[in-house]
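The chain contents come next:
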Amino acid sequence: MGTLSEELMDERGRVMAEEEEEMIVTPWEVSGKIDYNKLIQKFGTQPLTEELLERLRKHTGKLHLQLQRKLFFSHRDLDWILDQYEGGQKFALYTGRGPSGPVHLGHIVPWIFTKHLQDAFDAKLYFQMTDDEKFLLHPEFTVEKSLSLMYDNSLDVIAMGFDPEKTSIISDFKNIKVLYDIAMRVAKHVTFSTVKAVFGFESSSNIGIIFFPAIQAAPCFVESDLTGKNVPCLIPAAIDQDPYWRVTRDIAPKLGYYKPAQIHCRFLPGLGKGGKMSASLPETCIFTTDPPDVAEKKIWNAFTGGKPTEREQRGHGGDPFVCTIYYYFYYLFEESDQKIAELERECKAGEIICGDCKRILAEKVKKFLREHQKKREKARDIADQFFMK
Ligand code: TYM
């Protein structure tokens, strides 16, 4: 018997499977029925065991909601990072964003967790803005547009509350000096046939994007490079970014660095039937810059596990496990296990209907957006403290 998170994701997978079968998970495309156990096998990562969660709990006090609810589910070398930490060796955190448009709630899932890790382990954070990646991938992007999105998305990052003393935002365009010599040393050890196999590049791919994996690898080693000591690195991100780390881990020892460790999260689904939250489906995606009433409308149009009529639902109950609204409570917007259990029971018993849940979630999301948007505005005044000098 799996955990509730696994059952939820299986049910979600079943709904998605009605439409498309093949699972595709790459840094640039996520589609089909996502089977997270299969991904662990396919990518060769390790499941987050109860034993490891217990070790984390020792250092962090209460287990973070995203761990408790199994939103983070897989890792590479997290046990080794903890061994090092327990032996007195601190690690640096590294995560990032490819600024291609506004930030959505899915993106901030790993950032919320990264902030928790920064606080709990008093860790430095390197946050990479791959403005160059998005410039290379989007034919219509100019350098100016990429830089403007980089700045705009950085406000969301700063609004998460990272410690300015311990956080450096790296814009690839603006801070290439910090990355270039590491990227060159990485690139020298990675062949075209490797990146072709891992990322699916073709003869028609532009040469910038073929080189780009070396740029995304570089921040793993920036702390080591700047301090002149070998410093372990831990990367919290969704599992779509894992292909980069497979390549990076292969070559790290050749450059004299530790292999970077990872902790992977699942994808926050969109508000539609199946699929991850994705900016390409804006009506099922809540952006951090959405006016609260726009987000509310999206929630009212969300796919739920309800019945076609109120009468049927009162009589037969709904199915919370396929319901996007239930997901949002479970993963982000309801911390109390007791309330979650009540919602589940009331839904199945037909005691509450979808409108009730949508109303409660909309209020929570609107409150979050109002607060986040205020912090985003304040971030403009302190942004300089975060950008890498
Ligand atoms: P990007 O901008 O596609 O995504 C930013 C971060 O959000 C995660 N993510 C999600 N997490 C949960 N649910 C979702 N629906 C969802 N969609 C995206 C991604 O895994 C990522 O952590 N090339 C990268 C930028 C980057 C980076 C990094 C990311 C550079 N260095 C190091 C992570 C770690 C990109 O385009 O991410």
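Above this text is the structure in question.
Parameters at a glance
Along every chain, residues carry numbers that run from 1 in the direction the sequence is written. Side-chain atom pairs in this predicted model are given and counted only at pLDDT of 80 or more, local residue features only at pLDDT of at least 70, and totals for whole chains, interfaces and linings cover all residues. Computation of side-chain values covers all heavy atoms of the structure but excludes hydrogens and water. Under the DSSP-based scheme used, a helix requires at least four consecutive residues in state H or I and a strand at least two consecutive residues in state E, with every element numbered from the N terminus. Only C-alpha atoms enter the radius of gyration; for comparison, a globular chain is expected to reach 2.2 Å times N to the power 0.38, where N is the number of residues. Contacts are residue-level and defined by heavy atoms, with any inter-residue pair within 4.5 Å sufficient. Where accessible areas are quoted, they stem from the Shrake-Rupley method and a 1.4 Å probe; at the residue level, only the protein chains shown are allowed to cover. In summary, the charge assignment counts Lys and Arg as positive and Asp and Glu as negative, without counting His or the chain termini. Charged side chains are reduced to one point each, which is NZ for Lys, CZ for Arg, CG for Asp and CD for Glu. Criterion for a disulfide: a pair of cysteine sulfur atoms within 2.5 Å. Side-chain atoms within 4.5 Å are what join buried Ala, Val, Leu, Ile, Met, Phe, Trp, Tyr and Cys residues into a set we call a nonpolar core. Throughout, exposure labels follow a simple rule: accessible area from a 1.4 Å probe, protein chains only, divided by the maximum for the residue type, with under 20% read as buried, over 50% as exposed, and the rest as partly exposed. By definition, the arc is the one covered by directions from the helix axis to the C-beta atoms. Pairing of N or O atoms within 3.5 Å defines a polar contact, subject to two protein rules: one partner must be a possible hydrogen donor and the other a possible acceptor, and residues neighboring in sequence count only if both atoms are side-chain atoms. Classification of ring pairs rests on two measures: the distance between centres of Phe, Tyr or Trp rings, Trp counted by its six-membered ring, which must be within 6.5 Å, and the angle between planes, read as stacked under 30 degrees, edge-to-face over 60 and tilted in between. Definition of nearness: a residue and a molecule or strand are near each other if at least one heavy atom of the residue lies within 4 Å of the molecule or strand. One bridge is not enough; two strands pair if DSSP finds at least two bridges between them. Salt bridge criterion: a side-chain nitrogen from Lys or Arg within 4 Å of a carboxyl oxygen from Asp or Glu. Patch construction takes residues with relative accessible area above 30% that form no salt bridge. Like charges are linked within 9 Å, and nonpolar side chains (Val, Leu, Ile, Met, Phe, Trp, Tyr) are linked within 5 Å.

Observations regarding the overall build of the protein chain
1) Next: Looking only at helices and strands, the protein chain features 18 helices and 9 strands.
2) Next: Taking 21 Å as the expected radius of gyration for a compact globule of 389 residues, we find that the protein chain reaches 21 Å, a close match to that expectation.
3) Next: By principal-axis analysis of the C-alpha atoms, the protein chain measures approximately 65 × 45 × 45 Å.
4) Next: A separation threshold of at least 6 residues defines the contact pool for the protein chain, and within that pool the share at least 24 residues apart is 78%.
5) Next: Summed over its atoms, the accessible surface of the protein chain is roughly 17,300 Å², and 52% of this surface lies on carbon and sulfur atoms.
6) Next: Mean positive and mean negative side-chain charge positions of the protein chain (52 and 57 charges, respectively) differ by 2 Å.

Digging into the state of the cysteines
1) Next: Under the counting rule described, the total for this entry stands at 0 disulfides.
2) Next: Its sulfur unpaired, C233 is 4.7 Å from the next cysteine sulfur, which belongs to C220.
3) Next: C357 takes part in no disulfide bond, and the closest cysteine sulfur to it belongs to C347, at a distance of 6.3 Å.

What to know about the nonpolar core
1) Next: Ranked by size, the top nonpolar core spans 80 residues in total, and within it V25, L67, L234, I286 and Y328 carry the most contacts.
2) Next: Residue contributions to this core peak at 9 residues, all from helix α16 (residues 324-333).
3) Next: Beyond its immediate chain neighbours, meaning those up to four positions away, L234 contacts L78, I81, F91, A92, L93, Y94, L117, A261, Q262 and I263.
4) Next: By size, the runner-up hydrophobic cluster in this structure holds 32 residues, among which are L179, C220, I251 and M388.

A word on helix α2 (residues 36-43)
1) Next: For α2, every residue scored as buried is listed here: Y36, L39, I40 and F43. Around the axis of α2, the buried residues are gathered within 105 degrees of arc, so they sit on the same side. Facing away from the buried side of α2 by more than 90 degrees, the exposed set consists of N37, Q41 and K42.
2) Next: Near the N-terminus of α2, the side chain that reaches the backbone nitrogen of N37, with its oxygen 3.1 Å away, is that of D35.

Quick look at the packing of aromatic side chains
1) Next: Summed over all chains, the structure comprises 24 aromatic pairs.
2) Next: With a centroid separation of 6.3 Å and 40 degrees between ring planes, the pair formed by Y36 and F267 is classed as tilted. A residue pair is termed long-range when its members are at least 10 positions apart, and Y36 in helix α2 and F267 in the loop between β9 (261-265) and α14 (292-300) qualify at 231 residues.
3) Next: The buried category is assigned to Y36, whose relative accessible area is 7%.

Section: the site of the ligand
1) Next: Inspection of the region around the ligand gives 25 residues, with Y94, R97, Q216, D240 and L268 positioned closest.
2) Next: A distance of 2.8 Å separates an oxygen atom of the ligand from a polar atom in the backbone of G98.
3) Next: Contacts to the ligand include Q241, whose side-chain N or O atom sits 3.3 Å from a nitrogen atom.
4) Next: Coverage of the ligand by the protein chains reaches 98% of its 690 Å² of free accessible surface.
5) Next: Listed by contribution, the elements that provide at least two residues to the shell around the ligand are β5 (92-97), α6 (105-121), α7 (131-137) and β8 (233-238).
6) Next: Broken down by element, the residue count for the shell around the ligand peaks at 4 residues, all from β5.

Some thoughts on the sheet that holds strand β6 (residues 125-129)
1) Next: Taken together, 7 strands build an open sheet; the order of strands is β3-β4-β9-β8-β5-β6-β7 and the sheet is mixed. Of all strands in the sheet, those with a lone pairing partner are β3 (46-47) and β7 (167-171), marking the two edges.
2) Next: Examined bridge by bridge, β8 and β9 share 5 bridges and lie parallel to one another. Each residue of the ladder has a partner; that of L234, found in β9, is A261.

Considerations on the environment of V294
1) Next: Structurally, the position occupied by V294 is in helix α14.
2) Next: Taking relative accessible area as the criterion, V294 reaches 30% and is therefore assigned partly exposed.
3) Next: Linking V294 and E283, residues 11 residues apart in sequence, is a C-alpha distance of 9.5 Å.

Observations regarding the pattern of salt bridges
Opposite charge on two side chains lets them pair, provided their charged atoms get close.
1) Next: Inspection of the entire model under this criterion finds 27 salt bridges.
2) Next: Residue E54 is joined to R57 by a salt bridge in which the shortest nitrogen-to-oxygen separation is 3.0 Å. Linking E54 with R57, this pair stays in helix α3 (residues 50-60), spanning 3 residues, or about one helical turn.
3) Next: Among the ionic pairs, R69 bridges to D337, the shortest N-O distance being 2.7 Å. Taken as a pair, R69 in the loop between α4 (65-68) and β4 (72-76) and D337 in helix α17 (residues 337-348) lie far apart in primary sequence, 268 residues in all.
4) Next: Using a relative accessible area of 44% as the deciding quantity, one classes D337 as partly exposed.

Thoughts on a nonpolar patch on the surface
1) Next: Together, I176, Y180 and M184 line one region of the surface with nonpolar side chains, adding up to about 260 Å² of accessible area.
2) Next: The topology assignment puts I176 in helix α9 (residues 176-187).
3) Next: With a relative accessible area of 31%, I176 lands in the partly exposed category.

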